Amino acid sequence: AKEQGDGLYHFYDSLIENQREENMRLENELKNALLEEQFKLYYQPKIDAITGEIIGAEALIRWLHPEHGMVSPAKFIPLAENSGVILDIDEWVLEEACRQNRSWQLQGMPHFPVAVNISARHFYQSNLIPTITRILEETGLEPRYLLLEITEGTLIKNVEYGVRMMEDLRAMGIHISMDDFGTGYSSLSQLDRLPISEMKLDRSFIQGITQDSRKSSIVRAVIELGHHMDLRIVAEGIESPEELKYLTKLECDQLQGYLFSKPLPEPKFTRFVLEWDSTTIN
Ligand code: C2E
Ligand code: CA
Ligand code: CA
Ligand code: CA
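Residues numbered from 1 in each chain as written. Chains lettered and ligands numbered in written order. Predicted model: local features only at pLDDT ≥ 70, side-chain atom pairs only at ≥ 80, totals over all residues. Heavy atoms only, no water.

### Observations concerning the overall build of the protein chain
When you go through the protein chain residue by residue, the secondary structure sums to ten helices and nine strands. Relative to its length of 282 residues, the protein chain is compact, with a C-alpha radius of gyration of 21 Å against a globular reference of 19 Å. Projected onto the principal axes, the alpha-carbon positions of the protein chain cover approximately 75 × 45 × 40 Å. Within the protein chain, the proportion of its 282 residues that are buried is 47%. Of the roughly 14600 Å² that the protein chain leaves accessible, carbon and sulfur atoms contribute 51%. Averaged over its 28 positive side-chain charges, the protein chain has a centre that lies 2 Å from the centre of its 45 negative ones. (Helix = DSSP H or I, 4+ residues; strand = E, 2+ residues; numbered from the N terminus. Rg over C-alpha atoms; globule rule 2.2 N^0.38 Å. Buried < 20%, exposed > 50% of the residue type's maximum accessible area, 1.4 Å probe, protein only. Areas by Shrake-Rupley, 256 points an atom, 1.4 Å probe, with all protein chains shown as cover. Lys, Arg positive; Asp, Glu negative; His and termini not counted. Charge placed at Lys NZ, Arg CZ, Asp CG, Glu CD.)

### Some words on the site of ligand 1
The environment of ligand 1 is made up of 22 residues, and the closest members are Gln44, Arg62, Asp90, Glu239 and Tyr258. Residue Asp90 places a side-chain N or O atom 3.1 Å away from a nitrogen atom belonging to ligand 1. In this structure, an oxygen atom belonging to ligand 1 sits 3.1 Å away from a side-chain N or O atom of Asp179. Burial of ligand 1 by the surrounding chains reaches 84%, relative to a free accessible area of 800 Å². Mapped onto the shell around ligand 1, the elements with two or more residues apiece are strand 2 (54-65), helix 2 (73-81), helix 3 (85-106) and strand 6 (175-181). Across the shell around ligand 1, the residue classes tally to eight nonpolar, six polar and eight charged. (Near = heavy atom within 4 Å. Polar contact = N/O pair within 3.5 Å; in protein donor to acceptor, adjacent residues only side chain to side chain. Nonpolar A, V, L, I, M, F, W, Y, C, P; charged D, E, K, R; others polar.)

### A short note on the packing of aromatic side chains
Applying the stated criterion across every chain yields a total of 13 aromatic pairs. Aromatic side chains Tyr43 and Phe269 sit 5.8 Å apart centroid to centroid with 50 degrees between the ring planes, which places their arrangement in the tilted category. Of this pair, Tyr43 sits in strand 1 (residues 39-48) while Phe269 is found in helix 10 (residues 268-275), placing the two residues 226 residues apart along the sequence. Here the two residues Tyr43 and Phe269 agree in accessibility, since each one is buried. (Phe/Tyr/Trp six-rings, centres within 6.5 Å; stacked < 30°, edge-to-face > 60°.)

### Some details on the pattern of salt bridges
Between side chains of opposite charge, a pair can form as their charged atoms come close. Under the counting rule described, the total for this entry stands at 15 salt bridges. Notably, a salt bridge pairs Glu160 with Arg193, separated by 3.2 Å at the nearest N-O pair. You can see Glu160 sitting in helix 6 (residues 159-172) and its partner Arg193 sitting in the loop between strand 6 and strand 7 (198-201), a full 33 residues away along the chain. A relative accessible area of 47% places Glu160 in the partly exposed class. (Salt bridge = Lys/Arg side-chain N within 4 Å of Asp/Glu carboxyl O.)

### So, the pairing of strand 2
Across the twelve residues that make up strand 2, a large majority, ten, are buried. Two strands pair when backbone bridges link them, and strand 1 and strand 2 are joined in this way by nine bridges, in the antiparallel orientation. Looking at the pairing, Leu41 lines up with Ile61 of strand 2. Once strand 1 ends, the chain turns through five residues before running back antiparallel as strand 2, passing Gly52 with a positive phi of about 80 degrees. Inspection of the sheet shows strand 2 paired to strand 4 (residues 114-117) by three bridges, in the parallel sense. (Pairing = 2+ DSSP bridges.)

### Re the coordination of the calcium ion (ligand 2)
For the calcium ion (ligand 2), the full set of protein donor atoms is Glu58 (OE), Asn117 (OD1), Glu149 (OE) and Asp179 (OD), at a range of 2.2 to 2.4 Å. Within one chain, the residues serving as donors to the calcium ion (ligand 2) are arranged as E-x58-N-x31-E-x29-D. The metal-metal distance between the calcium ion (ligand 2) and the calcium ion (ligand 3) is 4.6 Å. Residue Glu58 is located in strand 2, and its partner Asn117 is located in strand 4; the two are separated by 59 residues in the primary sequence. For Glu58, a relative accessible area of 4% corresponds to the buried category. Here Asn117 falls in the partly exposed class, since its relative accessible area comes to 25%. (Donors = N, O, S within 2.8 Å, 3.2 Å for Na, K, Ca; no water.)

### Concerning helix 8 (residues 213-228)
Along its 16 residues, helix 8 runs 22 Å from first to last C-alpha, staying within 8% of the 22 Å computed at 1.5 Å per residue. Residues of helix 8 that are buried: Ser216, Val219, Val222, Ile223 and Gly226. Along the axis of helix 8, the buried positions cluster into a sector of 125 degrees, meaning they face one direction only. Facing away from the buried surface of helix 8 by more than 90 degrees, the exposed residues are Ser213, Arg214 and His228. (Expected span 1.5 Å × (residues − 1). Arc of directions from axis to C-beta.)

### Some thoughts on a nonpolar patch on the surface
A cluster of nonpolar residues, Leu8, Phe11, Leu15 and Ile16, forms a patch on the protein surface that exposes about 390 Å² of accessible area. Tracing the backbone shows Phe11 in helix 1 (residues 2-35). (Patch = residues over 30% accessible without salt bridge, like charges linked within 9 Å, V, L, I, M, F, W, Y side chains within 5 Å.)

Written out as structure tokens, the structure reads:
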């Protein structure tokens, strides 16, 4: 029995070892991807539900892998979050998004905030604010043109610290969006303390909203709650004209989804903005 136990122990040991090796291999590959400039930002427009104008863009990362082609962030971001690389990736994204937004402004495009997804892990880094300060200084972007999207889950770890970080960012003039609202740990009890500017309804609430009365009740309640708190509500993942019509009726403030545009690389995004006709949504 002793021998068997040992054998099993060694078996698990080597499994863990393999997992560790696999993680290290991936971590190295991600670091290398940064060095080799294999990451690219795509931008998806955010549209004002009333005027139909483009009033923002969300930056979404893509990995153009030399062998595997385009790798979705849904695949590599969670893995990057298990190691320190996520900090480097987030920093690269911040830098690239701010530089791009400033460049759009200098080209005479309408000024709007660029939204950057910040991982929970990065939110608890003491260097987040100095890093952002440096990036804004270097790129010349005004803080009000940067919006940080963080998920509810970000606050689980340490609500006090999280709220203080948000307050400091707000004091700098940076706006914060609560991403994937309603999907994770509910921050409902904390909502009145959070210095956020918007709530983003996850695509799972939008999908099938026109047929699902439970979903539409939830969305209606969230919109009402948000408006009571002077927050704007953004719906993501709008794919059909029916969903658009429904969300506009519920007085959702901003709209995002494939119906308008998929996330686009430069210079496709610029062309999209310049050719956009704000009357198309009415
Ligand atoms: P998210 O922040 O919830 O982003 C929305 C996702 O929905 C994006 O997927 C977007 O491309 C997709 N989407 C937008 N409109 C539609 C639609 O109408 N239909 C459908 N089916 N999908 C739509 P993406 O780009 O694959 O990103 C997945 C997740 O990866 C993001 O979810 C975010 O959590 C994370 N992520 C993406 N870029 C970054 C980044 O630069 N940094 C960090 N930390 N996370 C990122
Ligand atoms: Ca997001
Ligand atoms: Ca998300
Ligand atoms: Ca989402």
